[in-house]
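Close look at the chain arrangement
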Amino acid sequence: KAGVTQTPRYLIKTRGQQVTLSCSPISGHRSVSWYQQTPGQGLQFLFEYFSETQRNKGNFPGRFSGRQFSNSRSEMNVSTLELGDSALYLCASSLGVGGDGAFFGQGTRLTVV
Amino acid sequence: KNEVEQSPQNLTAQEGEFITINCSYSVGISALHWLQQHPGGGIVSLFMLSSGKKKHGRLIATINIQEKHSSLHITASHPRDSAVYICAVRSGLSKLTFGTGTRLQVTL
């Protein structure tokens with residue numbers, strides 16, 4: 001059974017650009033959650049999607065958005081990138097809302113220069 | 001004050017030692033998770049607890065709902081256990097809130 005796949009693994013972007021990250025959940029999982037991890041703030045919840053609907057949202061500005069497709073794959077988008085957006089972005093998939101038994105991807109390391 | 005506090009922040013142990021990592025939280029929760037993160041970033045979900053105790057191999061996790069406290073124990077520690085251990089709590093179906101992590105180094 002394939003794990004959670006995140007693409008790309010590494011990304012370098014310039015301030016002001018926008019970026020789209022992708023997460024393919026484990027087959028059969030319908031919930032995808034996104035997290036940001038930085039050395040200063042640790043792990044922080046971004047949002048959670050279930051059946052193409054956003055179910056939970058963290059305290060991030062509107063520049064951070066996401067969506068989920070009918071096959072449960074999810075994308076997150078960050079517009080007008082800032083240096084502080086440099087982080088490891090992790091997604092996790094689970095069967096249902098709440099992330100119980102969540103499986104994490106390897107993450108996308110975004111560097112904004 | 002953070003909603004989730006972990007201690008210690010850093011821990012060095014010799015191979016074979018018994019290790020305890022603590023997590024205290026200040027809100028009512030529906031579940032508590034213990035996560036393991038190795039260098040390179042990959043995260044593994046170790047346990048999800050809502051009461052009592054769970055065991056998997058050399059790892060044991062306990063939770064005391066009344067005291068709002070959980071512990072992760074590692075018996076017979078090994079260098080491959082070296083990682084960051086993160087506690088996270090969830091209230092109802094709301095977002096996960098994470099502790100800052102405990103960095104464990106197990107030496108030979």
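The coordinates are above.
In this text the structure is predicted, and so the values were computed from the model without any measurement.

1. So, the pattern of salt bridges
All names here are of chain A.
- Under the criterion given, the structure shown has five salt bridges over all chains.
- D85 is the salt-bridge partner of R63, the closest N and O atoms lying 2.8 Å from each other. Of this pair, R63 sits in the loop between β6 (53-57) and β7 (64-68) while D85 sits in the loop between β8 (74-78) and β9 (87-94); the two residues are 22 residues apart in sequence, bridging distant segments of the chain.
- Note on R63: relative accessible area 15%, which makes it buried.
- Close ionic contact of E75 with R67 constitutes a salt bridge, the shortest N to O distance being 3.3 Å.
- Judged by its relative accessible area of 47%, R67 is partly exposed.
- Connected via shared salt-bridge partners are R63, E82 and D85.

2. With respect to empty space enclosed by the protein
- As enumerated under the stated definition, the model contains one cavity of 30 Å³ or more in all.
- The computed volume of the largest cavity comes to approximately 30 Å³.
- Taken together, R9, Y10, L88, Q106, G107 and R109 of chain A together with G40 of chain B make up the full set of residues lining the largest cavity.

3. Some thoughts on the state of the cysteines
Residues and elements named next belong to chain A.
- On inspection of all chains with the given rule, the structure shows two disulfides over all chains.
- Across the disulfide, C23 is cross-linked to C91 (sulfur-sulfur distance 1.8 Å). An S-S torsion of about 65° defines the bridge between C23 and C91 as right-handed. Of this pair, C23 sits in strand β3 (residues 19-24) while C91 sits in strand β9; the two residues are 68 residues apart in sequence, bridging distant segments of the chain.
- Using a relative accessible area of 0% as the deciding quantity, one classes C91 as buried.

Basis of the calculations
- Residues numbered from 1 in each chain as written.
- Chains lettered and ligands numbered in written order.
- Predicted model: local features only at pLDDT ≥ 70, side-chain atom pairs only at ≥ 80, totals over all residues.
- Heavy atoms only, no water.
- Salt bridge = Lys/Arg side-chain N within 4 Å of Asp/Glu carboxyl O.
- Helix = DSSP H or I, 4+ residues; strand = E, 2+ residues; numbered from the N terminus.
- Buried < 20%, exposed > 50% of the residue type's maximum accessible area, 1.4 Å probe, protein only.
- 1 Å grid on protein atoms, 1.4 Å probe; cavity = no way out; pocket = protein on both sides within 12 Å on 5 of 7 lines; lining within 4 Å.
- Points joined across faces, edges and corners; volume = space filled by probe spheres on them.
- Disulfide = S-S within 2.5 Å.

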